[in-house]
Amino acid sequence: MHEREAEIRSAERAIEALTAPAGTEVGELLLYTGAAGLGKTAVLTEVRRAARRAGCTVLFARGGQRQCHEPFHVVRQLLRPVLAALSGEERERVFGPWEDVVGPAAGLLAPRGQLDPQGVRDGLDFVLTRLVQLRSPVAVFVDDLHWADPESLGWLAGFAVRARELPALLVLACRDEFPDDALALQRGLTDRADRRHELRPLQPASVAHLVRAALGTRAEDAFCRHVWAVTGGNPYETAALLREVADQRLEPVEESTGQLRELAATARGMTLRHWLDRLGPTALCFAWAASVLDTDIRPDLAATICAQGPETAAQSVRELRHHRVLTGAATGRLEFVHPLVATSVYQSMPPATRTAMHGVAAVELENAGLGLLAASRHLLEILPEGDGEIVDKLRRAAREHLAIGAPEAAQRCLRRAISEPPADEDRAPVLYELGCSALLTDPATTVNQLRLALADPYGLEPGLRVDATFRLAQALAHSNRLGEAAALCAEEAARTGPGPGRLRLEVAHFMFAAFQSEDPDGPGRSRRLAEFDRMLGTVGLAFSDTFTDASAEASGGARAEAAAEAVFERDGLSHAVAVLRCWDLTLRGVDSAEAIALGESALPGGRLPRSLGWTNTTWGFELPGILGISYLYADRVDRAEELFDEAVRTYEVAGWSGGHLGFAYLLTGMLRFRCGSLAAAEDYLRRALRLAERIGPGSPLHWDAVGALAETVAARGRVEEALELARVHAFGPPYPTVMVLPDAPTLYGRLLLARGDAAGAAATLTAAGAALDARGWRNTVWAPWLGHLARAVAPGQPDRARGLAAEGVRRARESGTDSAVGSALRLCAAVHERPRAAALLAEAVGHLERSPARYEHAIALVDLGEALGGAAGAREALTRGLELATRCDADGLAARARELLGRG
């Protein structure tokens, strides 16, 4: 520990702060960096001892050079020992609702299903936070962070922010050798370090002390200086050189310095000849097997990999411990004395031997019950030979990786399976699996691989081809390429024979087309959707009869299963089309009762059917989402709330913390806004925006969250903040091809109007209205462009303004919902003089009293009080408006009501 006193003292101060009297504990991030051999591991070892002496719960992990492709390897080292030792009651407290999500990643539960990577990271945050609260204070150590697997590194980078708020100390050590794809995560960690220490080489005096401690006080100054010059003051290389000097019985005098460079080269031991001469072939073979296993070396597995019996293996371990290659008990876990030794041994292996040992390791780890999660990294190292069994194992390993929330690891396995290569008939299915594995994280990869799968000459079986087309369309849609998605489904449907697959593609075509912000044939598509619905009723019955006939030929359970599947397919299609028609009618602004009747037909027993479930992959989350919005716009907030609450609950329980949960938060925020709970709405919408920012700017969720949040913030009276939010997030033209909730051009025009740019608002809202009318979308709740355009042009064109506002009222009456009519009347009143304005507002208040739109109701009351002036009822309207605005958290509106009351 020469010249490391400052680094140790810094850690001791951090531990003292962590273990201070209750209530003053603080979390910190302590980072040690430096080249290989400078003593990072030794410093971490000393700091770990200090943390234990201070009473900390210590979690420790080490990255492995050859285990960096084993997902959550570092996480399992950190958490599994302490979590596995918890009592049942403690386990329940620590895991809460996250056990099924975190358990597979932590190595405590078998993988099953498919997990959202962000959900796993959020679950790990929750579990470690609860663990810190249970076992406070906690010190988390990670050595060789540069070799941490990407999944663990990504989680650590996020948790480092949260750790500052907890009685937890993070101590990390790494070289400056991160892979290119991990540099952003590395910076995310290192930039947050509260105490950062870059270890430097030793000075000549410290090297001289080491020389004399190892070789005796007779060592001459010239010899000591030459040792320092040869090793550059690197502590590890200095110690290794001094062992060689001692082994060679070289006198530590000036005359011996000429041999030091040769001995230093030997000490670094980067050649096969060095290790053979030093260890002999038997011990070296065991060392090779150990280096293949890397940081988690079980002697029995290493012995099997190098084909040594128990006695021979035990002797090999003794030899390797004697030569300071391995450390640890012969019957327990072993580890290399230093990562440089492990690297040197591994690199000394002939390529053929290395490949063979990885192949044996893959088999033996699986045979030992460690599963394909551990074995798969070895499969990545063997040479492609067209082995179908290897392809099968890699595909199964990929499924296990997806089941613990590690899609990138799954993709590595599937890419390796393709290079094997698979049999001709298996190539397209592997490409399909590769594309689907990236659906939640990398739409571009999904698009490329699924296109290859669909173009493969051997192709996919019909059902899988339909699903591949749908997944490809989803990826295109999530990349703002809705036109391509809709066209793809239509083209593939035309090539598909009659049956459920073709019908699913035709429904998908209508679904993706419905989400396009522009469509040259919007009204025509609405008519074709209605015709398709009628046709589906006839085809569905025939389709069901066909399946019933087929099931009659089966026996026992197979008959029941076939019949059930027929009903599921038929009803799944009819439910999807009912939702799409409900949404189409909602956007067209026709009688809401007709739209809601269609929506109700998609909810047998009043609940979402399995085919429309929030996590069901048949259609995705969009259909239940637009069904809920249809209820919301029709003033059926009870039904909308049931659906949106179920979405949040379902995604949180399933650990889906990415875009799906963000969409659920968005919908809940929109519901709260509509009901006048503006503070709650803002909270949910900020959550949605945070999740959208994880995905990246420009995604449909990002547009929706920014627009809805800006509208909410403005409603709370913070107009400047809303304008700044729109500016920072580039909410404005050009708009995405996917429709935005609320309508993006309409909202942008309203923001321009709030900024005082009436001319810009008028131009924007005029263009928005023309596009919406061409599309056939006349819903005045989603896109109230007519009323706001009327406000924009009123100063210079009062007659035009009144005509526009009247048209807005007429369209709102067509829908028949009180909130739509009341809001349209309120906007219409804004372009009329008293007493006409007061009459319109009185009618608006009547409608809004019967609606769930409390914030709109509050505005109408305040506007009515102002329009009445000194007339009877003005003060009552203002008082009621103030009370309602206060309950809605509409601070700006409440302030306006108080000002008007003060004048009276």
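All values reported here derive from a predicted model rather than from experimental measurement.

1. Topic: the nonpolar core
Phe-286 and Phe-512 are the most contacted members of the largest nonpolar core, which totals 219 residues. Ignoring anything within four residues of it in the chain, the contact list for Phe-512 reads Phe-470, Ala-473, Gln-474, Ala-477, Leu-482, Ala-485, Ala-486 and Cys-489. Judged by nonpolar contacts, the second largest core, of 50 residues, contains Phe-95, Ala-106, Val-132 and Leu-172.

2. Overview of the side chain of Asp-149
Summarising the element assignment, Asp-149 is placed in the loop between β3 (138-143) and α7 (150-163). Arg-76 provides the closest opposite charge to the buried, unpaired Asp-149, separated from it by 6.9 Å. A polar atom in the side chain of Asp-149 sits 2.8 Å from the backbone nitrogen of Phe-72. In terms of polar contacts, Asp-149 uses its side chain to reach the backbone amide nitrogen of Ser-152, at 2.7 Å. Those residues within four positions of Asp-149 in sequence are excluded, and the remaining contacts are Gln-67, Cys-68, Glu-70, Pro-71, Phe-72, His-73 and Val-74.

3. Overview of the packing of aromatic side chains
Under the criterion given, the structure shown has 14 aromatic pairs. On the numbers, 5.7 Å between centres and 15° between planes, the contact of Tyr-651 with Trp-656 is stacked. Of the two residues, Tyr-651 and Trp-656, neither departs from the other in class, the shared state being buried. Considering the side-chain rings of Trp-703 and Phe-731, the 5.2 Å spacing of their centres and the 50° angle between planes classify their relative orientation as tilted. Of this pair, Trp-703 sits in helix α34 (residues 700-715) while Phe-731 is found in the loop between α35 (719-728) and α36 (744-754), placing the two residues 28 residues apart along the sequence. Taken as a pair, Trp-703 and Phe-731 share a single burial class, namely buried. Connected via pairs of aromatic rings, a cluster forms that spans Trp-703, Phe-731, Tyr-735 and Tyr-748. The positively charged end of Arg-66 is found above the aromatic ring belonging to Tyr-346, 4.2 Å away from the centroid.

4. Thoughts on the environment of His-197
In this fold, His-197 is placed in strand β5 (residues 195-198). The class for His-197 is buried, based on a relative accessible area of 17%. Linking His-197 and Gly-34, residues 163 residues apart in sequence, is a C-alpha distance of 8.5 Å. Here His-197 is in contact with Ala-6, Glu-7, Ser-10, Leu-30, Leu-31, Tyr-32 and Thr-33, once residues within four sequence places are set aside. A polar side-chain atom of His-197 sits 2.8 Å from a polar atom in the side chain of Ser-10.

5. Quick look at unusual backbone geometry
Each neighbour pair has its own omega, and for Ser-136 with Pro-137 the value is -5°, a cis peptide bond. Here Pro-137 lies in the loop between α6 (117-135) and β3. Following Glu-420, the chain continues to Pro-421 via a peptide bond in cis, the omega torsion being -10°. Counting through the fold element by element, Pro-421 comes out in the loop between α21 (407-419) and α22 (424-437).

Calculation criteria
- Residues numbered from 1 in each chain as written.
- Predicted model: local features only at pLDDT ≥ 70, side-chain atom pairs only at ≥ 80, totals over all residues.
- Heavy atoms only, no water.
- Core = buried A, V, L, I, M, F, W, Y, C linked by side-chain atoms within 4.5 Å.
- Buried < 20%, exposed > 50% of the residue type's maximum accessible area, 1.4 Å probe, protein only.
- Contact = heavy atoms within 4.5 Å.
- Helix = DSSP H or I, 4+ residues; strand = E, 2+ residues; numbered from the N terminus.
- Lys, Arg positive; Asp, Glu negative; His and termini not counted.
- Salt bridge = Lys/Arg side-chain N within 4 Å of Asp/Glu carboxyl O.
- Polar contact = N/O pair within 3.5 Å; in protein donor to acceptor, adjacent residues only side chain to side chain.
- Phe/Tyr/Trp six-rings, centres within 6.5 Å; stacked < 30°, edge-to-face > 60°.
- Lys NZ or Arg CZ within 6 Å of the ring centre and 35° of its normal.

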